[in-house]
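Below are the chains, spelled out letter by letter.
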Amino acid sequence: MKLRIGIIGTGPKERTNIRGGGFAIGRVHADAWKQITSTELSAACDINKENLEAFSNDYGVTGCYTDYNKMLKEEKLDIVDICTWPILHYEMAKAAIAARVKGIYMEKPMCLSFGEAKEIVDSCRCAGIKLCVSHQRRYEPDFIKAREWIKEGKVGKVLEVDAVIAGEDADLLSWGTHWFDMFNYLLDDQQTVSVFAQTDCTSGKIRYGHRVEDAALVEVVYKDGTRCYLRGDYDFNQPSHIRIIGQKGMIEVGDDGLKGMFDGESKWIYYLSNEENAYIASFVKAMNDLVDSIKEERTPYLNGMLALKTTEIIMAAYESSEKRARINLPLKRFDFPLKDRNEFKE
């Protein structure tokens, strides 16, 4: 029997070529679910009736709702996929847990505070619900190969990792969460020691209904001494990328793919994956793993604890900026640090 999937947040009627489908992440997810033969896209919810109807027609969904609580009550769903604004994730995840679904697939960032994220992780564990948060780049060939090169010693000991986020989603919660997860992934998910950051919130910017910074500079220190740096700015004149610097070489993942320059070589070595549409394929792999984790009664790879670690780094960065001090981990603050910034007060 196929697992029944319900999506909360269909997004606009049409996708664009903008990264993430032009805010149509619900359709990105639906495209992925349609490729998994062991699941059935059974229900969808969106507060915009026109968008909901278009989604229903395009994906053949019969259960259509404008109230997610009603959907959870009336549809016997196995997996709930949360594709809404981050400010809504916490309440929607709690409702899905109360409905006793088997699995939750949630867009990043998981929640808008470390406390909320921890509560969702703990509640899912206690209820036996498999939680998967969409840091799906761990399934993309370029990052997998970059990690392999590191493990093979091609760059020697990693000294630091530098990353840039630019463009309309260049804040820690929107795009930075992916790079923080990549820091963790590339460094073998070792323990994070501290976070030191500065954020500029001068404009009082609101994105997806929540407060975000205009620019950020973040240092994350790991147990083995590796330091990772993230620069975020909407007006950067360079594309988003991540660079690994080691004692014997360098690796970079960016718009032109994956490349490395290793000991004794004087030019870049490019890696070309044979996988078509790796972006959508990464979602399919993550969702397939969630389905398998339910069937096999195991923890999914992109589990809540990995996402909690990323949330901890983000919230530590915001707290560090507020206090103008380095924040040692584990994080002791459980609310959303940006709520106290004067720039957002009327």
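The shown structure was predicted, so the numbers you read here are calculated from the model rather than taken from an experiment. (Residues numbered from 1 in each chain as written. Predicted model: local features only at pLDDT ≥ 70, side-chain atom pairs only at ≥ 80, totals over all residues. Heavy atoms only, no water.)

Trainee: How would you summarise the side chain of Asp 171 if you had to cite specific residues and measurements?
Mentor: Within the secondary structure, Asp 171 is located in the loop between strand 7 (158-166) and helix 7 (172-186). Judged by relative accessible area, Asp 171 falls into the buried class, the value being 0%. Engagement of the side chain of Asp 171 in a polar contact is seen with the backbone nitrogen of Ser 174, the distance being 2.7 Å. When neighbours within four sequence positions are excluded, Asp 171 is seen to be in contact with Ile 165, Gly 176, Arg 207, Val 212, Glu 213 and Tyr 234. (Helix = DSSP H or I, 4+ residues; strand = E, 2+ residues; numbered from the N terminus. Buried < 20%, exposed > 50% of the residue type's maximum accessible area, 1.4 Å probe, protein only. Polar contact = N/O pair within 3.5 Å; in protein donor to acceptor, adjacent residues only side chain to side chain. Contact = heavy atoms within 4.5 Å.)

Trainee: Requested: an account of helix 5 (residues 114-127), with residues and values cited.
Mentor: Between its first and last C-alpha atoms helix 5 spans 20 Å; for 14 residues at 1.5 Å apiece the expected length is 20 Å, and the two agree. Tucked inside the fold, the buried residues of helix 5 contact helix 4 (86-98), strand 5 (103-106), strand 6 (130-133) and helix 9 (304-323). Among the residues trailing helix 5, Gly 128 stands out with phi positive, at a value near 75°. (Expected span 1.5 Å × (residues − 1).)

Trainee: I'd like a description of the pairing of strand 12 (residues 227-233), backed by residues and values.
Mentor: Of the two faces of strand 12, only the one carrying Cys 228, Leu 230 and Gly 232 is buried; Arg 227, Tyr 229, Arg 231 and Asp 233 on the other face are not. Judged from the seven bridges that link them, strand 7 and strand 12 form a sheet pairing that is parallel. Each residue of the ladder has a partner; that of Asp 162, found in strand 12, is Tyr 229. As judged from the seven bridges shared by strand 11 (residues 215-222) and strand 12, these two strands associate in the antiparallel manner. From the neighbouring strand, Ala 216 faces strand 12, where its bridge partner is Gly 232. (Pairing = 2+ DSSP bridges.)

Trainee: Explain the packing of helix 1 (residues 25-33) against helix 8 (residues 278-296) to me, using residue names and the numbers behind them.
Mentor: With their axes 8 Å apart at the nearest point, helix 1 and helix 8 run at an angle of 65° to one another. Relative to helix 8, helix 1 is oriented roughly perpendicular. The handedness of the crossing between helix 1 and helix 8 comes out as right-handed. Contacts between helix 1 and helix 8 involve Ile 25, Val 28, His 29, Ala 32 and Trp 33 on the former and, on the latter, Tyr 279, Ile 280, Phe 283, Val 284, Met 287 and Val 291. (Axes fitted to C-alpha atoms, helices over the stretch in contact; angles between N-to-C directions. Parallel < 35°, antiparallel > 145°, perpendicular 65-115°, else oblique. Left-handed = near helix turned anticlockwise from the far one by under 90°.)

Trainee: Tell me about the nonpolar core, and please be specific about residues and values.
Mentor: Formed by 82 residues in total, the largest nonpolar core has its most connected members in Ile 104, Met 110, Val 218 and Ile 242. By residue number, the principal contributor to this core is helix 7, which donates nine residues. Discounting chain neighbours no more than four positions away, the residues touching Ile 242 are Phe 143, Val 161, Asp 162, Ala 163, Trp 179, Met 182, Phe 183, Leu 186, Ile 251, Glu 252 and Val 253. (Core = buried A, V, L, I, M, F, W, Y, C linked by side-chain atoms within 4.5 Å.)

Trainee: Provide a residue-level description of unusual backbone geometry, including the pertinent values.
Mentor: In this chain, Lys 108 is followed by Pro 109 through a cis amide linkage whose omega measures -15°. In this structure, Pro 109 sits in the loop between strand 5 and helix 5. For the bond running from Leu 329 to Pro 330, omega is 10°, close enough to zero to count as cis. Although it is not a glycine, Asn 277 sits at a positive phi angle of roughly 50°. Among the structural elements, Asn 277 can be located in the loop between strand 16 (269-271) and helix 8. Residue classification places Asn 277 among the exposed positions, given a relative accessible area of 51%.

Trainee: Before we move on, could you go through the sheet that holds strand 11 and cite the residues and values that matter?
Mentor: Reading across from one edge, 16-15-14-13-7-12-11-8-17 is the order of the nine strands in this open sheet, with mixed pairing throughout. The open sheet has two edge strands, strand 16 and strand 17 (327-328), and neither has a second partner. One ladder, built from five bridges, connects strand 14 (residues 250-254) with strand 15 (residues 257-261); its direction is antiparallel. Its bridge partner lying in strand 15, Gly 254 is registered against Gly 257. Docked against the sheet, helix 9 engages strand 8 (192-200), strand 11 and strand 17, running at close to 55° with respect to strand 8.

Trainee: How would you sum up the sheet that holds strand 4 (residues 79-82)? Please name residues and give values.
Mentor: In space, the six strands of this open sheet follow the order 3-2-1-4-5-6, with parallel pairing throughout. The sheet is open, and its two edges are formed by strand 3 (63-65) and strand 6, each paired on a single side. Direction aside, the axes of adjacent strands within the sheet are offset by 20° on average. In this sheet, strand 5 lies alongside strand 4 in parallel orientation, the contact comprising four bridges. The residue of strand 5 that forms the bridge with Ile 79 is Gly 103.

Trainee: Give me the lowdown on the packing of helix 6 (residues 141-151) against helix 7, citing residues and values where you can.
Mentor: As a packed pair, helix 6 and helix 7 sit with axes 10 Å apart at the nearest point and diverge in direction by 35°. Along this stretch, helix 6 crosses helix 7, giving a crossing that reads as right-handed. Residues Phe 143, Ile 144, Ala 146, Arg 147 and Ile 150 of helix 6 form the contact with helix 7, whose own contacting residues are Trp 179, Met 182, Tyr 185 and Leu 186. A class-by-class count of the residues in the contact of helix 6 with helix 7 yields eight nonpolar, no polar and one charged. (Nonpolar A, V, L, I, M, F, W, Y, C, P; charged D, E, K, R; others polar.)

Trainee: A description of the side chain of Lys 130 should follow, citing residues and the corresponding values.
Mentor: Tracing the backbone shows Lys 130 in strand 6. With no salt bridge to any partner, buried Lys 130 finds its closest opposite charge in Glu 297, at an N-O distance of 6.9 Å. For Lys 130, the side chain forms a polar contact with the main-chain oxygen of Arg 298, separated by 3.3 Å. Setting aside residues no more than four positions away along its own chain, Lys 130 makes contact with Lys 102, Gly 103, Ile 104, Leu 290, Ser 293, Ile 294, Glu 297, Arg 298 and Pro 300. (Lys, Arg positive; Asp, Glu negative; His and termini not counted. Salt bridge = Lys/Arg side-chain N within 4 Å of Asp/Glu carboxyl O.)

Remember, this is a structural readout, not a statement about activity or role.
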